Amino acid sequence: QVQLVESGGGLVQAGGSLRLSCAPSGRTFSRYIMGWFRQAPGKEREFVAALTWSESAYYADSVKGRFTISRDNANDTVYLQMNSLKPEDTAVYYCAADKGPISTSEARYDYWGQGTQVTVSS
């Protein structure tokens, strides 16, 4: 069964940093669009960032300048470096994969991870 497995979530104080990782299990996603989404309590899941296989990156306005998406093709792993975290960044973060073209819509993504909790305290 194809899976994406996220890791790296946790509790951090406002202004701190975390790095999330997403690794596939069952197949390679080296030619896929890789995206990160998040869902805060009581809210809909929203787009955070996406990266093409050629490493063109796209970000939600709310995270631009603070978050960086990257990929290590040798290890088939995608990362989300999150700096200057704010309490409003608290959410479950999901990794997703799509064949393309790049999209901010979760409906376009075919493969999803189980999510990792990020909690930012004030």
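All values derive from a computational prediction rather than experimental measurement.

S.K.: Explain the side chain of T77 here, please?
M.R.: Mapped onto the fold, T77 is located in strand 8 (residues 77–82). A relative accessible area of 10% places T77 in the buried class. Within the structure, T77 has its side chain in polar contact with the backbone oxygen of N75 (distance 3.0 Å). When neighbours within four sequence positions are excluded, T77 is seen to be in contact with S21, C22, A23, S70, R71 and D72.

S.K.: How should the environment of R71 be read in this particular structure?
M.R.: With respect to the helices and strands, the residue R71 is situated in strand 7 (residues 67–72). On the basis of relative accessible area, R71 is assigned to the buried category, the value being 10%. Sequence spacing of R71 and L20 is 51 residues, and the spatial spacing of their C-alpha atoms is 11 Å. With residues near it in sequence (within four places) discarded, R71 still touches F29, S30, Y32, M34, L51, T52, W53, E55, T77 and V78. For R71, the side chain forms a polar contact with the main-chain oxygen of T52, separated by 3.1 Å. A polar contact of 3.3 Å, which involves the side chain of R71, links it to the side chain of N73.

S.K.: Sorry, what's going on with the sheet that holds strand 7 here?
M.R.: Strand pairs in the sheet, formed through backbone hydrogen bonds, run parallel or antiparallel to each other. Pairing is antiparallel in the open sheet, where four strands are placed in the order 1-3-8-7. Bordering the open sheet on either side are strand 1 (3–7) and strand 7, each of which pairs with just one other strand. Strand-to-strand twist of the sheet, defined as the mean angle between neighbouring strand axes without regard to direction, takes the value 20 degrees. Pairing between strand 7 and strand 8: six bridges, direction antiparallel. Bridge assignment links R71 to a residue of strand 8, and that residue is V78.

S.K.: Mind showing me how you'd approach the packing of aromatic side chains here?
M.R.: Each aromatic ring pair is specified by the distance between its two centres and by the angle formed by the two planes. Counted under the stated rule, the structure contains eight aromatic pairs. Ring pairing ties together the aromatic residues F37, F47, Y94, Y109 and W112, which thus form one cluster. Sitting over the face of the ring of Y94, R45 holds its NZ or CZ atom 4.7 Å from the ring centroid. Lying over the aromatic face of W112, R45 brings its terminal NZ or CZ to 4.0 Å of the ring centre.

S.K.: How do you make sense of the pattern of salt bridges when you look at a structure like this?
M.R.: Where charged atoms of side chains with opposite charge meet at close range, the side chains can pair. Going through the model one piece at a time under the given rule, you end up with six salt bridges. Its salt-bridge partner being K64, residue D61 comes within 3.2 Å of it at the nearest N-O pair. Residue class for D61 comes out exposed when judged on its relative accessible area of 64%. Where R108 meets D98, a salt bridge forms, and the shortest distance between an N and an O atom there is 3.9 Å. Residue R108 is found in the loop between strand 9 (91–98) and strand 10 (111–112), and its partner D98 is found in strand 9; the two are separated by 10 residues along the sequence. A relative accessible area of 33% places R108 in the partly exposed class. Here the residues in one salt-bridge network are R38, E46, R66 and D89, joined through shared partners.

Criteria and thresholds
- Residues numbered from 1 in each chain as written.
- Predicted model: local features only at pLDDT ≥ 70, side-chain atom pairs only at ≥ 80, totals over all residues.
- Heavy atoms only, no water.
- Helix = DSSP H or I, 4+ residues; strand = E, 2+ residues; numbered from the N terminus.
- Buried < 20%, exposed > 50% of the residue type's maximum accessible area, 1.4 Å probe, protein only.
- Polar contact = N/O pair within 3.5 Å; in protein donor to acceptor, adjacent residues only side chain to side chain.
- Contact = heavy atoms within 4.5 Å.
- Pairing = 2+ DSSP bridges.
- Axes fitted to C-alpha atoms, helices over the stretch in contact; angles between N-to-C directions.
- Phe/Tyr/Trp six-rings, centres within 6.5 Å; stacked < 30°, edge-to-face > 60°.
- Lys NZ or Arg CZ within 6 Å of the ring centre and 35° of its normal.
- Salt bridge = Lys/Arg side-chain N within 4 Å of Asp/Glu carboxyl O.

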